[in-house]
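Overview (structure and organization)
Take a look at the letters that make up each chain.
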Amino acid sequence: MLSLKQISKYYSSGGAKTYVLNRVDLDVDQGEFVSIMGPSGSGKSTLLNIIGMLDQPSEGYQYFLNEPVHQLKDKQRSALYKQNIGFVFQAYHLIDELTVYENIETPLLYQDVKSAERKALVADILDRFNIVGKKDLFPEQLSGGQQQLVGIARALISKPKLILADEPTGNLNSKQGEEIMELFKKLNKEDGVTVIQVTHSEKNAQYGSRIINLLDGKIDSSIIL
Amino acid sequence: MLKNYIKTAWRNLWKGRVFNLLNLVGLAVAIACCTLIFLTVFYEFTYDRFHTKLDNIYQIYTVSNRAEGAEVTSSVPEPLTPALKAEYPAVKYMTRSADAGALIKYGNKELDENLHFVDEDFLKMFTFPLIEGNKNNVLSGLNNVVITQATAKALFGEEPALNKTVLLNINNVQQPFIVSGILEDISRHSSIEFDLLVRFEHYPNYAANINAWENRTHIAMIEFNNGYDPASFTSQLTPFVKKHFAPSIEILKKDGAKPNEKGDIFWLDIAPFSNNHFATNLGGVEGNPVNKTYPVSLIVIGCFILIIACINFINLSVARGFTRSREVGVRKTLGASKGQLLIQFWIETIMVCLASMVVGLLLCMALINQFKAIFKSRISLSMLLDPVTLFGIIILFLLVTAIAGFYPALMMVRYKTVAVLKGNTASTKPGKLRNTLLVVQFSLSTLLIICTIITWQQINYLQNKPLGYNKTEVLSIPVSGGLIGEKALKLMRNELKNHAEVASVTGAYMNMGRGNDGSSRSSILGFNFGDKEIRTHIQRVDYDYLKTLDIKLLEGREFNPDFAGDSTAVIINETMARQLGTKNVLGSFVPMYDSVAKVQVVGIVKDYNFRSLHEDIAPLTLTMDKHYEINYIFVKVKPGNLVASYDAIKKSWNRQYPNTEFEGSWINENTERQYLNERRLSGIFVSGAVIAIVISCIGLLAISIMIVLQRTKEIGIRKVLGSSVGGIVLLLSMDFVKLVLLASVIAFPIAWWLMNNWLQSFAYRITIQWWVFALATLLAILLAFITISFQSVKAALANPVKSLRSE
Ligand SMILES: Nc1ncnc2c1ncn2[C@@H]1O[C@H](COP(=O)(O)OP(=O)(O)O)[C@@H](O)[C@H]1O
Ligand SMILES: [Mg+2]
């Protein structure tokens, strides 16, 4: 599904290059559930952002669904991720001014989905996540776990092939975290969605099918469970 | 999608309501001011536009290339119009025009009305629609009078007016006239204003002047044939001028006039009537022309205000957008394209602009009456519905939303997704642009403050400068309404002799300053003296002139009834004496009227400013020559109760002339009236400065709120480390104070240049002083500092533990 070849990312400060990612090679197949682990500052988020095309590598080749991402223009790249990737953030990043319903609906608006179809899709996902009763609430009226649930629902609404989650449970208590992990697992098993998550928790990492350990911008180990 | 945009826009606006309210208020104030200003400008520039043949109509004027410069006057001799019409086929219609006050009488009703003497062509040229009567022959009868609807109503009530006989008293002669036409009331937007029209043949001394090419008594307008290009008309007039104006040219030559580069000493020229409202340099036109400087400076101020408001809008939107960077990032990850984000933010801008527009127009309605009073503007809000203004407003609206809305939107769209999601916006700080815009804003504000101070200083100077005569205790009474000055003076002298409060009475040809009658006269005489050409202003006076006005006599004596020869004697001022140059000027005989006997100089007075302070003191000759009428009576009263004296004099006048209005005014009122234009300009500057400062400070306030928000953590840390409240306030304010200082420095040379140019139009003027600039800067800094302090003090006093925890 995606493939990174010799990907590097560095920042230059005062002439010296600081490598955040150093010649990383990574292939992820359709249907995998990958957990990325590593100490703080090891480049996990950077890697995830590059995969999600929010950030660009300084060097290297990158393929997504067989498209050479490093050759694409801005517009093509955003079209690609808009249709295929859903993002889930540690800080949820719901839009404060929008209700639960509207937050979930927003990606569809940007994909020019017709109103009737939008309604059906959103109703469907609200139902599936058991949050119909909360659809008119604003994010600040929800608990952290609920917010993250909405964040995931929003990421899933446009039926992406890949979910990228950067420490999705970082701000949640362990019970809420477990629920989210179960949800990912279910999505991965039942719907065949590919999931890549960054996590600090050994336990959460176990939900996946592969664990990648990052250290100083390099892949230290890759363990298939 | 649009619905969604509007919904989110509304919620976003509501969330940032403090900001948006400040933004809205600033813009609304600007819109209100600009609407009033631009309506006024529009009004001034569309004067007389209702004449359908406006572009074909021209006013004729004469130019004499005198030794001291070209002298332009629009007064022309009576035979000019018939001769031009006869000799130039391109002249389709032509009319002479002069006005006077006249009493119109019907039954026992009598009205004092404004009368215009015109030729038959007048109504064919100008678009004054007739309600009753026939346009082609309405003035064909010598004793026809055309009246306006308002006059008809006042005189006849509901009775039909057409073909009624009325009595007209013109120049003390009463004659019957037949009402041959009734005109629609004249638009207030017209230079030509009158209540009654009669044929030019009734103009006083018409018969005497019928062939007098040397007597210029009125103005004249030409309508050319359709399609005729009048560009070459002036040169075609050369033979005409040679033929008819030879004696005038001879006189000019004798007075030392020099031919111009084309070899002309005297020529006729034409000026488009469409520019009539701004024709202050033609030496007499229809109506009261205004100097173009004023509408133009209004436009400039209007643009300043608009620029300042737009800058505010941009700065506030950018600052506000800064708090929404995360939203931009999130939306991008959800698949929003740049275009979609741009539209979203732009819609918010348009909503704020629309709201400002509504509030601005409401404000405009609330302020319009005061504005009209201050700026002597005759605008009305209904002008907003005029298609041209409506179109202008829409264009302006789009322009403002485009400039003020697009840039901040673009700014926001450009945020780096990853960075803003991390909560890291330091790299996108809009510091430079914001600072530049703030500098522009405060430059304009400081500029206006400086202009305000300097115009105020100059006006103050004009008001307080001693003019060399008594202007506070002397009353000037115009003799008008067909009265004979000499007679009126004699009557008033007798009448006031017994009044204890009256010190002395005299009369004169020229007024001092500009009186309630609004007219100004001057008479200049040129003659040869030795080998020199001498030119002098002539002032016809009566006995006690120097005494009444407290003019200082340097040598000789004042006119005195005990000296028989005084009707041919003159008193001159110092400048005139200097010009004559001979020793022993006093007592010498001067050949003032080339043909007649020489006149003797019996007195020399100290120079006094008999003209406005725009001009230097010119040579002046006081005479008792009966050829000049007495137009003004001057009455000096004893100091004490001026109000009571005024009332007493007014009462005496009304006893003598129950039918003629008393138009007396104190001379200091008259001299102040000479500087109405300056006052108006100063008013424009003050209002502009106040508004500019208010809007700029609103912007600064919002930005300081923003800055304090951004630096909460830093402030907290500094406090924990032991910084004092004062230290923190200073830290937060210093950056802005520096910007305001820079802005002032930029404004200095521009202000100096502008004001120096303006001051050149005064012969008597202040010198620009450095402390004006310092004061303006200090004022701007003080206002900026106070504005910022609201926020910075609050931030400095806040509990640091709280602000650090909230991070
Ligand atoms: N814009 C930037 N400029 C310089 N260094 C950066 C920038 N963004 C991230 N870094 C550095 O890259 C490293 C990796 O960051 P990140 O991928 O967020 O690590 P992780 O998610 O594993 O904690 C960090 O040390 C961070 O300081
Ligand atoms: Mg991270």
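Residues numbered from 1 in each chain as written. Chains lettered and ligands numbered in written order. Predicted model: local features only at pLDDT ≥ 70, side-chain atom pairs only at ≥ 80, totals over all residues. Heavy atoms only, no water.

Section: the pattern of salt bridges
All names here are of chain B.
- For the coordinates displayed, the defined rule picks out 36 salt bridges over all chains.
- Lys164 is the salt-bridge partner of Glu159, the closest N and O atoms lying 3.5 Å from each other.
- Given the relative accessible area of 21%, Lys164 is considered partly exposed.
- For the salt bridge of Arg655 with Glu495, the shortest nitrogen-to-oxygen distance reads 2.7 Å. Taken together, the residues span a long stretch of sequence, with Arg655 in helix H18 (residues 642–656) and Glu495 in helix H15 (residues 485–496) at a distance of 160 residues.
- Note on Arg655: relative accessible area 54%, which makes it exposed.
- Overall, the relative accessible area of 16% leaves Glu495 in the buried class.
- Here the residues in one salt-bridge network are Glu486, Arg493, Arg540, Asp542 and Lys626, joined through shared partners. (Salt bridge = Lys/Arg side-chain N within 4 Å of Asp/Glu carboxyl O. Buried < 20%, exposed > 50% of the residue type's maximum accessible area, 1.4 Å probe, protein only. Helix = DSSP H or I, 4+ residues; strand = E, 2+ residues; numbered from the N terminus.)

Considering the site of ligand 1
- For ligand 1, the full set of nearby residues is Tyr11, Val20, Pro39, Ser40, Gly41, Ser42, Gly43, Lys44, Ser45 and Thr46 of chain A together with Lys422 of chain B.
- The residues that come close to ligand 1 belong to more than one chain, namely chains A and B.
- Within the side chain of Thr46 of chain A, a nitrogen or oxygen atom sits 2.4 Å from an oxygen atom of ligand 1.
- Coverage of ligand 1 by the protein amounts to 60% of the 570 Å² it exposes when considered alone.
- Of all the elements, helix H1 (residues 44–51) of chain A adds the most residues to the shell around ligand 1, at 3 residues.
- Considering only residue class, the shell around ligand 1 consists of 3 nonpolar, 6 polar and 2 charged. (Near = heavy atom within 4 Å. Polar contact = N/O pair within 3.5 Å; in protein donor to acceptor, adjacent residues only side chain to side chain. Areas by Shrake-Rupley, 256 points an atom, 1.4 Å probe, with all protein chains shown as cover. Nonpolar A, V, L, I, M, F, W, Y, C, P; charged D, E, K, R; others polar.)

With respect to the nonpolar core
- Core analysis: the largest hydrophobic core is formed by 118 residues, its most contacted members being Tyr545 and Tyr608 of chain B.
- A total of 13 residues in this core trace back to one element, the largest contributor, which is helix H9 (residues 293–322) of chain B.
- Those residues in contact with Tyr608 of chain B that sit more than four places away from it in its chain are Leu467, Gly468, Tyr469, Met512, Tyr545, Ile551, Ile617, Leu620 and Leu622 of chain B.
- Within the second largest apolar cluster, 56 residues are counted, among which are Leu26, Leu54 and Ile212 of chain A together with Tyr415 of chain B. (Core = buried A, V, L, I, M, F, W, Y, C linked by side-chain atoms within 4.5 Å. Contact = heavy atoms within 4.5 Å.)

Re the packing of helix H2 (residues 17–45) of chain B against helix H20 (residues 676–710) of chain B
Residue and element names in this part refer to chain B.
- It is at 9 Å that the axes of H2 and H20 come closest, and there the two elements cross at 160 degrees. It follows from the interaxial angle that H2 and H20 lie roughly antiparallel. You can see that H2 and H20 cross each other, and the crossing is left-handed. Judged by residue contacts, Val18, Phe19, Leu22, Val25, Gly26, Val29, Ala30, Cys33 and Glu44 of H2 engage Arg680, Ile691, Ile695, Ile698, Leu701, Ala702, Ile705 and Met706 from H20.
- Here the residues of the contact of H2 with H20 sort into 14 nonpolar, 1 polar and 2 charged. (Axes fitted to C-alpha atoms, helices over the stretch in contact; angles between N-to-C directions. Parallel < 35°, antiparallel > 145°, perpendicular 65-115°, else oblique. Left-handed = near helix turned anticlockwise from the far one by under 90°.)

Comments concerning the interface of chain B and chain A
- Contacts between the two partners involve 22 residues from chain B, matched on the other side by 23 residues from chain A.
- In total, about 2,100 Å² of surface goes out of reach between chain B and chain A, with carbon and sulfur atoms giving 56% of it.
- The interface formed by chain B and chain A holds 5 salt bridges in total.
- For Asp96 of chain A, the salt bridge identified is with Arg326 of chain B, shortest N-O distance 3.5 Å.
- Linking chain B to chain A there are 8 residue pairs in polar contact (both at pLDDT 80 or more). (Buried area = accessible area lost by both parts, 1.4 Å probe.)

Overview of the environment of Gln111 of chain A
All names here are of chain A.
- Mapped onto the elements of the fold, Gln111 is located in the loop between helix H3 (100–110) and helix H4 (115–128).
- Since its relative accessible area comes to 23%, Gln111 is described here as partly exposed.
- For the pair Gln111 and Ala205, spaced 94 residues apart in the sequence, the C-alpha separation amounts to 33 Å.
- For Gln111, the contacting residues outside a window of four places in its chain are Lys82, Gln83 and Ser158.

As for the UniProt feature "domain: ABC3 transporter permease C-terminal" (unreviewed entry) in chain B
Residue and element names in this part refer to chain B.
- Per the UniProt entry, the sites bearing "domain: ABC3 transporter permease C-terminal" (unreviewed entry) are residues 299–414 and 689–796 in this numbering.
- Counted over residues 299–414, helix gives 84% and strand 0%. Its end C-alpha atoms are 36 Å apart.
- Counted over residues 689–796, helix gives 86% and strand 0%. Its end C-alpha atoms are 31 Å apart. (UniProt positions renumbered as here; feature names shortened; annotations may be inferred.)

A closer look at the UniProt feature "transmembrane region" (unreviewed entry) in chain B
- UniProt records the feature "transmembrane region" (unreviewed entry) for residues 21–43, 298–322, 343–368, 388–415, 436–456, 684–709, 721–748 and 768–790 of chain B in the present numbering.
- Here residues 768–790 of chain B runs as 91% helix and 0% strand, with 35 Å between its end C-alpha atoms.

Description of the domain arrangement of chain B
- Segmentation of chain B into domains returns domain 1 (96–210) and domain 2 (481–662).
- On a C-alpha basis, the centres of domain 1 of chain B and domain 2 of chain B stand 36 Å from each other. (Domains from an automatic or database assignment.)

Let's talk about the pairing of strand E7 (residues 162–166) of chain A
All names here are of chain A.
- Counted residue by residue, E7 has 5 buried out of 5 residues, so it is predominantly covered.
- Burial along E7 is two-sided: the residues Leu162, Leu164 and Asp166 and Ile163 and Ala165 are all buried.
- Of the pairings in the sheet, the one linking strand E6 (residues 85–88) to E7 comprises 4 bridges and is parallel in character. Pairing of Ile85 across the sheet is with Leu162, part of E7.
- Where E7 meets strand E8 (residues 194–198), 5 bridges bridge the pair, whose relative direction is parallel. Bridged to Ala165 within E8 is Gln197.
- Running through helix H6 (residues 174–191), the crossover from E7 to the neighbouring parallel element E8 is right-handed. (Pairing = 2+ DSSP bridges. Right-handed = clockwise from strand over helix to strand, strands pointing away.)

Concerning the packing of helix H14 (residues 431–464) of chain B against helix H22 (residues 725–759) of chain B
All names here are of chain B.
- Orientation of H14 relative to H22, taken along the N-to-C sense of each, is 40 degrees, at an axis distance of 7 Å. Taken together, the axis directions place H14 and H22 in an arrangement best described as oblique. Read as a crossing pair, H14 and H22 show a hand that is right-handed.
- A per-class count over the contact of H14 with H22 returns 21 nonpolar, 6 polar and no charged.

Re unusual backbone geometry
Residue and element names in this part refer to chain A.
- Even without being a glycine, Asp112 presents a positive backbone phi close to 55 degrees.
- Mapped onto the elements of the fold, Asp112 is located in the loop between H3 and H4.
- Under the relative-accessibility criterion, Asp112 is labelled exposed at 57%.
- Positive phi is not limited to glycine here, since Glu167 has a value of about 45 degrees.

Describing the side chain of Glu113 of chain B
Residues and elements named next belong to chain B.
- Tracing the chain through its elements places Glu113 in strand E5 (residues 109–118).
- Within the buried set, Glu113 has no salt-bridge partner at all; the shortest N-O distance to an opposite charge, 11 Å, is to Lys109.
- In terms of polar contacts, Glu113 uses its side chain to reach the side chain of Thr151, at 3.0 Å.
- Aside from chain neighbours lying at most four places away, what touches Glu113 is Ala100, Gly101, Ala102, Ile104, Thr151, Asp195 and Leu196. (Lys, Arg positive; Asp, Glu negative; His and termini not counted.)

Considering the sheet that holds E8 of chain A
All names here are of chain A.
- With respect to topology, 6 strands assemble into an open sheet ordered E6-E7-E8-E3-E9-E10, the strand pairing being mixed. If you trace the sheet from one side to the other, it starts and ends with E6 and strand E10 (218–224), each paired once. Across the sheet, the mean angle from the axis of one strand to that of its neighbour is 15 degrees, orientation sign disregarded.
- Of the strands in this sheet, E6 and E7 touch helix H2 (residues 74–84), which is tilted by about 75 degrees from E6.

Thoughts on the packing of aromatic side chains
- Enumeration over the complete set of coordinates arrives at 38 aromatic pairs over all chains.
- Measuring from ring centre to ring centre gives 6.4 Å for Phe33 of chain A and Phe184 of chain A, while their planes differ by 85 degrees; the resulting arrangement is edge-to-face. In this pair, Phe33 of chain A sits in strand E3 (residues 33–37) while Phe184 of chain A sits in helix H6, placing the two residues 151 residues apart along the sequence.
- The class for Phe184 of chain A is buried, based on a relative accessible area of 0%.
- Here the aromatic cluster, defined as three or more aromatic residues joined through ring pairs, consists of Tyr58, Tyr88, Trp213, Phe224, Tyr228, Phe233, Phe240, Phe245 and Phe266 of chain B.
- Stacked on the ring of Tyr10 of chain A, the Lys or Arg Lys17 of chain A has its end atom at 4.6 Å from the ring centre.
- Looking at Arg17 of chain B, its charged tip hangs above the ring of Trp14 of chain B, at a distance of 4.5 Å from the centre. (Phe/Tyr/Trp six-rings, centres within 6.5 Å; stacked < 30°, edge-to-face > 60°. Lys NZ or Arg CZ within 6 Å of the ring centre and 35° of its normal.)

Some remarks on the UniProt feature "domain: ABC transporter" (unreviewed entry) in chain A
- UniProt feature "domain: ABC transporter" (unreviewed entry): in the numbering of this structure it lies at residues 2–225 of chain A.
- Between the first and last C-alpha atoms of residues 2–225 of chain A the distance is 20 Å; the span itself is 35% helix and 29% strand.

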